[in-house]
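Notes for the structure review
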Amino acid sequence: MSHRCIYNRVQLISGIRPALCISNINSQQGGNMESQQASGTVSKPSPTSQKTFYKTPSHFEQIIGYYRGVRHGQRIFISGTTAVNPNKASSAAEPPQVLFPGDAKKQTIAAFEECLRAVTSLGGNGVQSVVRVRMFVGRHEDCGAVGEAFTEIFGDQKSNANNTNAEIGTAATMLVVQNGFINRDMMVEVEVDAMAAE
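Heads up: these notes are all about the structure in this document. (Residues numbered from 1 in each chain as written. Predicted model: local features only at pLDDT ≥ 70, side-chain atom pairs only at ≥ 80, totals over all residues. Heavy atoms only, no water.)

1. Section: the nonpolar core
Burial of nonpolar side chains together is a common tendency in soluble globular proteins. Ranked by internal contacts, the top residues of the largest apolar core, which has 31 residues, are Ile 78, Phe 112, Val 133, Phe 154 and Val 192. Only strand S6 (75-81), helix H2 (104-121), strand S7 (130-137), helix H3 (143-154) and strand S9 (188-195) provide two or more residues apiece to this core. Looking at which element gives the most residues to this core, the answer is H2, with 8 residues. Not counting chain neighbours up to four residues away, the residues in contact with Ile 78 comprise Arg 68, Gly 69, Cys 115, Ala 118, Val 119, Leu 122, Glu 191, Val 192 and Asp 193. Membership of the second largest hydrophobic core comes to 6 residues, among which are Phe 60, Val 84, Val 98 and Phe 181. (Core = buried A, V, L, I, M, F, W, Y, C linked by side-chain atoms within 4.5 Å. Buried < 20%, exposed > 50% of the residue type's maximum accessible area, 1.4 Å probe, protein only. Helix = DSSP H or I, 4+ residues; strand = E, 2+ residues; numbered from the N terminus. Contact = heavy atoms within 4.5 Å.)

Laid out in structure tokens, this is it:
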């Protein structure tokens, strides 16, 4: 899997320079993930606040009223994230389009990519900044595929293969969710905690 970073040179209110880290994965639904990304917005409640928020057009963020990510000081917390098409408008009558139905590995990669966009937008250095990952899996039989996706992005063997990736490595937890998720096509949900670059 190849990674490339696109840096947004616009200075934000918070003084954070965001970067989008995107992994190219070919899908059965329209090519790579780059064609399906949506931009989030970074904001602060006040100029003196230690909190910075990252919000996306997510259907669930809009109706429930939470943020995709929150930075407080150097800590970055990314909300539970699933593989949902960020560009397809949705409503209460028409829920969001779940990407890669039936493919737990691709759903996991898509969810991690969305989390990494939030981490970099809030001042982190992508995978190098991540310190903890939580993976919630809908079925026992999908744990292997979810683990493979985790290994591709965060696996500790990356630090042995290339010294430039020595900072990649994170704590992780995987849990099986007894009755699934909000949408039956969702197979996995992930959360990420990170530390912002100093």
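2. Things to note about the sheet that holds strand S5 (residues 69-72)
Reading across from one edge, S3-S4-S5-S6-S9-S7-S8 is the order of the 7 strands in this open sheet, with mixed pairing throughout. Each end of this open sheet is capped by a strand with a single partner; those strands are strand S3 (41-43) and strand S8 (171-176). Averaged over all adjacent pairs, the angle separating strand axes in this sheet is 10°, with direction ignored. Of the pairings in the sheet, the one linking S3 to strand S4 (residues 51-55) comprises 3 bridges and is antiparallel in character. Its bridge partner lying in S4, Thr 41 is registered against Lys 55. Contacting S3, S4, S6, S7 and S9, H2 runs over the sheet at an angle of about 30° to S9. (Pairing = 2+ DSSP bridges. Axes fitted to C-alpha atoms, helices over the stretch in contact; angles between N-to-C directions.)

That is the geometry; function is a separate question.
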